[in-house]
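# Residue-level structural notes
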Protein chains: 2
Amino acid sequence: MPKKTVGIIGGMGPEATVDFMAKIIKNTPAQIDQQHLHMLVDNNPQVPDRIEAILKAGQTPGPILAQMAVQLEKWGADILAMPCNTAHYFFTEIEKAVGIPVLNIIDETIKVLKRENVNCVGLLASTGTLKTRLYHKRLEEANINIVIPSEAYQEKVTQSIYALKSGDYFRARMFNQELIDHLVGKNAEAVILGCTELPIVFKDRDEYRIAFYDPTEILAEAVVREAF
Amino acid sequence: MPKKTVGIIGGMGPEATVDFMAKIIKNTPAQIDQQHLHMLVDNNPQVPDRIEAILKAGQTPGPILAQMAVQLEKWGADILAMPCNTAHYFFTEIEKAVGIPVLNIIDETIKVLKRENVNCVGLLASTGTLKTRLYHKRLEEANINIVIPSEAYQEKVTQSIYALKSGDYFRARMFNQELIDHLVGKNAEAVILGCTELPIVFKDRDEYRIAFYDPTEILAEAVVREAF
């Protein structure tokens, strides 16, 4: 049975890419190694900071991401995926650079939310993702209400994301409960973990009385669906 | 500070490669994404079964592994590592095919055992690794005594390895305690988890009253040392 080779535009951050690969493996129906998907992974943490690029007009990662995509295609990838929500601001630039399909983490997540009839969703994401309204636009099109943290709470999201990137799991998880309480207080009936560091920050999700949507997991499921 | 790009000859199994990448990240002194190592990963689970190739004269994975190494060099890797112990039977073939250093999981593990003055070590590994005496030869050179499971217990090791590859964690971990007791009964003072599935099988190592050597972790440390 011929399966597609999956190219991963990775490294943003490196641990999020590992989490994504693990989720692809977990979602693959396989009894032996040989039934698993072939993945070509460019785990390149040197991609310029996406959030800085958007908020502070830092070096744009667009051309580097497009170049990584081109290389992955050349190396033999049949489909591409990029486990970083904020980097999807550069999605069109990447998609235009290659001749193979690029799965979109935001589109895939919205599909699932629509299917499950979510009315009002809380969004935890990088300030770059919020500012560029990546999720906002698509959620509004889908008639799903969206709530985001206040500025003070968004600062805690930022701290959690960067703490995870620095390997400080304790500090990364410090605000988890208050962030959820804050969004529930704003009538969120579910929460999107809309930065690929956040599913790692919110590792033990049974502790909270709310449904989570994990875009990393959703993108992994889409990869498996498209590859087979 | 220029760092080397790490090429990973992976997919044997895919979860072992993810475990290896996670251990490289964990061992890297980094506060932000950009300080992490650039990894190019060919996670190719379609490499023919290494154990079958050795025990039953199945299709040899040597040429495919060498080709993966050549490609990774071409893609920009400065050093290579292969998170699969059994595949090290084909190490010379791989090393000869490229012009960049290839780290050797067995050599790195022996270095650590020598440094820590281990006298008698138990070896849990695939039957392919045992039959080809990959660890035996190097342990004997280092004057370290080696004990391996009886044939009946080795069958349990094989079952655990293949259960992990099939995603059945419960069955993979079923024999953990008896395997350790068996090796301790043969005077092992420490245990090498000499198949890259086994550090995942023996995930919670504090439960056992013995020291473990995890070649995946040791290889990851070597990668970080060589890359910086």
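Values in this document were obtained by computation on a predicted structure and should not be read as measured data.

Bringing the domain arrangement of chain A into the picture now. All names here are of chain A. The domain boundaries assigned to chain A delineate domain 1 (6-104 + 217-227) and domain 2 (106-214). For domain 1 and domain 2, the distance between their C-alpha centres works out to 20 Å. Each side of the interface is counted separately: domain 1 has 24 residues, and domain 2 has 27 residues. Taken over both partners, the interface formed by domain 1 and domain 2 buries close to 2,100 Å², and the fraction arising from carbon and sulfur atoms is 54%. Its largest share of buried area at the contact with domain 2, domain 1 owes to Asn-85, Asn-104 and Ile-218, together 33% of the area lost on that side. The partner of Glu-108 in a salt bridge is Arg-225, with the nearest N and O atoms 3.2 Å apart. Connecting domain 1 to domain 2 are 16 residue pairs in polar contact (both at pLDDT 80 or more).

Strand pairs in the sheet, formed through backbone hydrogen bonds, run parallel or antiparallel to each other. Residues and elements named next belong to chain A. Strand order in the open sheet formed by four strands is 5-4-6-7, and the pairing between neighbours is parallel. Either end of the sheet is taken by a strand with one partner, and the two such strands are strand 5 (145-147) and strand 7 (211-213). On average, each strand axis in the sheet is inclined to that of its neighbour by 35°, with strand direction left out of account. Note: strand 4 (residues 120-124) against strand 6 (residues 190-193), four bridges, orientation parallel. Opposite Leu-123, over in strand 6, you have Ile-192 as the bridge partner.

Once chain A has been moved 0.0 Å along the axis and rotated by 180°, it coincides with chain B to within an RMSD of 0.0 Å. Such a combination of rotation and displacement between the chain copies is what one expects of a two-fold axis. In terms of C-alpha distance to the rotation axis, chain A has Val-41 of chain A as its closest residue, with the C-alpha 2.4 Å off the axis. Both copies share a contact surface, since 100% of the interface residues of chain A are interface residues in chain B too.

The next thing to look at is the confidence of the model for chain A. Of all residues in chain A, 99% attain a pLDDT of 70 or more, and the chain-wide mean is 96. Reported for the predicted complex are a pTM of 0.96 and an ipTM of 0.95.

Checked against the element boundaries, Asp-49 of chain B lands in the loop between strand 2 (39-43) and helix 2 (50-56). Buried and unpaired, Asp-49 of chain B has Arg-50 of chain B as its nearest opposite-charge partner, separated by 5.6 Å.

All right, on to the packing of helix 8 (residues 151-165) of chain B against helix 10 (residues 176-185) of chain B then. Angle between the axes and distance between the axes: these two values describe a pair of packed helices. Residues and elements named next belong to chain B. Interhelical geometry of helix 8 versus helix 10 gives an angle of 145° and a closest axis separation of 11 Å. Of the two elements, helix 8 crosses helix 10, and the hand of that crossing is left-handed. Every residue of helix 10 that contacts helix 8 at Tyr-153, Lys-156 and Val-157 is listed here: Glu-178, Leu-179 and His-182.

On to the interface of chain A and chain B. Across the contact, 33 residues belong to chain A and 33 residues belong to chain B. When the buried area of chain A at its contact with chain B is split by residue, Asp-33, Gln-34 and Trp-75 of chain A rank highest and sum to 23% of it. On inspection of chain A and its partner chain B, the count reaches four salt bridges. Between Arg-50 of chain A and Asp-33 of chain B there is a salt bridge, with its nearest N and O atoms 2.8 Å apart. The interface formed by chain A and chain B contains 15 residue pairs in polar contact (both at pLDDT 80 or more). Listing elements by their share of the side of chain A that touches chain B, those giving two or more residues are helix 1 (14-27), strand 2 (39-43) and helix 8 (151-165) of chain A. Grouping the constituent residues of the side of chain A that touches chain B by class yields 16 nonpolar, ten polar and seven charged. In terms of strand pairing, strand 2 of chain A meets strand 2 of chain B through five bridges, oriented antiparallel. Residue pairing for strand 2 of chain B: Leu-40 of chain A is matched across the bridge by Asp-42 of chain B.

This part takes up the pattern of salt bridges. Residue and element names in this part refer to chain A. By the definition in use, this model includes 32 salt bridges over all chains. Taking the shortest distance from any N to any O, the salt bridge between Arg-205 and Asp-214 comes out at 3.3 Å. Note on Arg-205: relative accessible area 22%, which makes it partly exposed. A relative accessible area of 5% means that Asp-214 is categorised as buried. In this structure, a network of salt bridges that share partners links the residues Asp-19, Lys-23, Arg-205 and Asp-214.

Definitions and limits used
- Residues numbered from 1 in each chain as written.
- Chains lettered and ligands numbered in written order.
- Predicted model: local features only at pLDDT ≥ 70, side-chain atom pairs only at ≥ 80, totals over all residues.
- Heavy atoms only, no water.
- Domains from an automatic or database assignment.
- Contact = heavy atoms within 4.5 Å.
- Buried area = accessible area lost by both parts, 1.4 Å probe.
- Salt bridge = Lys/Arg side-chain N within 4 Å of Asp/Glu carboxyl O.
- Polar contact = N/O pair within 3.5 Å; in protein donor to acceptor, adjacent residues only side chain to side chain.
- Pairing = 2+ DSSP bridges.
- Helix = DSSP H or I, 4+ residues; strand = E, 2+ residues; numbered from the N terminus.
- Axes fitted to C-alpha atoms, helices over the stretch in contact; angles between N-to-C directions.
- Least-squares fit on C-alpha atoms with pLDDT ≥ 70 in both.
- pLDDT = per-residue confidence, 0-100.
- Buried < 20%, exposed > 50% of the residue type's maximum accessible area, 1.4 Å probe, protein only.
- Lys, Arg positive; Asp, Glu negative; His and termini not counted.
- Left-handed = near helix turned anticlockwise from the far one by under 90°.
- Nonpolar A, V, L, I, M, F, W, Y, C, P; charged D, E, K, R; others polar.

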